Amino acid sequence: MSRAFSCIILFAALLFVQSAVPDGPSPSRPVLNSLSDLPLDEAGRLASHWLLLPEGCVDSPGGLKGVPERLDLRNIGVAAGDLADALQLTDMCPAAVALEQGTLLSHVAGHHDRYSGTRDGFDKWINTISQVEVGWINFFGPARPLKLYWLGGDGQEHFQSDIWFGEPKTHWRVVFLGHQFLLRDDASGGSGQVVAEFVATKNEIHVVGSQPSLEAKLT
């Protein structure tokens, strides 16, 4: 095959790939036009985390760079119409907004994380909004600490920390959304009994066991 013919085939292939790229938002990214399009729980709070992108900002030459196809426990959508106006995303690019699960719908417009940096800084911001702060309090028993393990993607348990008894010994850790953890009562010095399992879904604190009553504290 001649070099010239090879170049013609390569050029044709590039034209095909470019024509195959869809215009507008990805089919996997719903377009939300108003606050009422955001799913809520029974208490009127956001039922899930969201990453919202301005309309036309992903595929444009000066748009966002490195937009993921999916994120653990965070929906990705396109903000248009009244929702884009409410979040001040109209004619903004590069830009994006992160909404947190549990936010009251009436607070969404004023309580969110906003990205308005350079194209190249977007992936670092994505890494930041994919993390939450989780705390653990051990009221399971004062005799020994509970042992905290992170359950890796390979199914293996990775020791993180001892969690000692009582509220003053609360253990805090910044983790990624969707990461799984378990607590073991290492009574025998071996693997120990699993006393609790958790999935990181939002900023929160987990209490394991029953907090002693005031009378018990005074005796």
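Small disclaimer: the values here were computed from a predicted structure and weren't measured.

Enquirer: How do you make sense of the packing of aromatic side chains when you look at a structure like this?
Expert: For the coordinates displayed, the defined rule picks out seven aromatic pairs. Taking the centre distance of 6.2 Å and the plane angle of 70° together, the rings of tryptophan 136 and phenylalanine 198 count as edge-to-face. With tryptophan 136 in strand 6 (residues 131-139) and phenylalanine 198 in strand 11 (residues 193-199), this pair connects stretches of sequence that are 62 residues apart. For tryptophan 136, a relative accessible area of 1% corresponds to the buried category. On the accessibility criterion, phenylalanine 198 (11% relative accessible area) is buried. Ring plane angle 70° and centroid distance 5.7 Å describe the contact between tyrosine 149 and phenylalanine 159, whose orientation is recorded as edge-to-face. In this pair, tyrosine 149 is assigned in strand 7 (residues 146-151) and phenylalanine 159 in strand 8 (residues 157-163), connecting sequence segments 10 residues apart.

Enquirer: Would you mind going over the environment of glutamine 180 with me for this structure?
Expert: Relative to the elements of secondary structure, glutamine 180 occurs in strand 10 (residues 180-185). Separated by 31 residues in the primary sequence, glutamine 180 and tyrosine 149 place their C-alpha atoms 8.6 Å from one another. When neighbours within four sequence positions are excluded, glutamine 180 is seen to be in contact with Tyr149, Trp150, Leu151, Phe198 and Val199.

Enquirer: Got a minute to help me understand the pairing of strand 10 in this structure?
Expert: A regular strand places its side chains so that they alternate between the two faces of the sheet. A large share of strand 10 lies buried, amounting to five of its six residues. Across six bridges, strand 7 lies against strand 10 in antiparallel orientation. The partner of tryptophan 150 across the bridge, within strand 10, is phenylalanine 181. Of the pairings in the sheet, the one linking strand 10 to strand 11 comprises six bridges and is antiparallel in character. Residue pairing for strand 11: leucine 182 is matched across the bridge by glutamate 197.

Enquirer: It is not clear to me how the pattern of salt bridges should be interpreted in this structure. Could you clarify?
Expert: Where charged atoms from two side chains of opposite charge approach closely, those side chains can pair. Within the structure shown, the criterion is met by six salt bridges. For aspartate 185, the salt bridge is made with arginine 144, and the minimal N-O distance between the two is 2.7 Å. Taken together, the residues span a long stretch of sequence, with aspartate 185 in strand 10 and arginine 144 in the loop between strand 6 and strand 7 at a distance of 41 residues. Here arginine 144 falls in the partly exposed class, since its relative accessible area comes to 35%. Linking aspartate 162 and lysine 147 is a salt bridge whose minimum nitrogen-to-oxygen distance equals 2.7 Å. With aspartate 162 in strand 8 and lysine 147 in strand 7, this pair connects stretches of sequence that are 15 residues apart. Note on lysine 147: relative accessible area 18%, which makes it buried.

Enquirer: Whenever I open this one, the sheet that holds strand 12 (residues 204-209) confuses me. Can you help?
Expert: Sheet strands pair by backbone hydrogen bonding; their relative direction is either parallel or antiparallel. Read from one edge of the open sheet, three strands run 9-6-12, paired in mixed fashion. Of all strands in the sheet, those bounded by a partner on one side alone are strand 9 (171-176) and strand 12. The average undirected angle you get between the axes of adjacent strands in this sheet is 25°. Inspection of the sheet shows strand 6 paired to strand 9 by six bridges, in the antiparallel sense. Note that in strand 9 the partner of glutamate 133 across the bridge is valine 174.

Enquirer: Hey, could you run me through helix 3 (residues 122-129) in this one?
Expert: In an α-helix, one turn spans 3.6 residues; hence positions three or four apart end up facing the same way. Here helix 3 has its buried residues at Phe122, Trp125, Ile126 and Ile129. With its buried residues spanning 105° around the axis, helix 3 presents them on a single face. Where helix 3 is buried, its residues contact strand 2 (49-54), strand 3 (74-79), strand 4 (96-99), strand 5 (113-115) and strand 6.

Enquirer: Whenever I open this one, the confidence of the model for the protein chain confuses me. Can you help?
Expert: When pLDDT is low, close inspection of the predicted coordinates is not appropriate. Mean pLDDT over the protein chain works out to 83, with 81% of the residues at or above the 70 mark. The lowest-confidence element of the protein chain is helix 1 (residues 3-20), averaging 36 in pLDDT; the highest-confidence one is strand 9, averaging 97.

Conventions we followed
Residues numbered from 1 in each chain as written. Predicted model: local features only at pLDDT ≥ 70, side-chain atom pairs only at ≥ 80, totals over all residues. Heavy atoms only, no water. Phe/Tyr/Trp six-rings, centres within 6.5 Å; stacked < 30°, edge-to-face > 60°. Helix = DSSP H or I, 4+ residues; strand = E, 2+ residues; numbered from the N terminus. Buried < 20%, exposed > 50% of the residue type's maximum accessible area, 1.4 Å probe, protein only. Contact = heavy atoms within 4.5 Å. Pairing = 2+ DSSP bridges. Salt bridge = Lys/Arg side-chain N within 4 Å of Asp/Glu carboxyl O. Axes fitted to C-alpha atoms, helices over the stretch in contact; angles between N-to-C directions. Arc of directions from axis to C-beta. pLDDT = per-residue confidence, 0-100.

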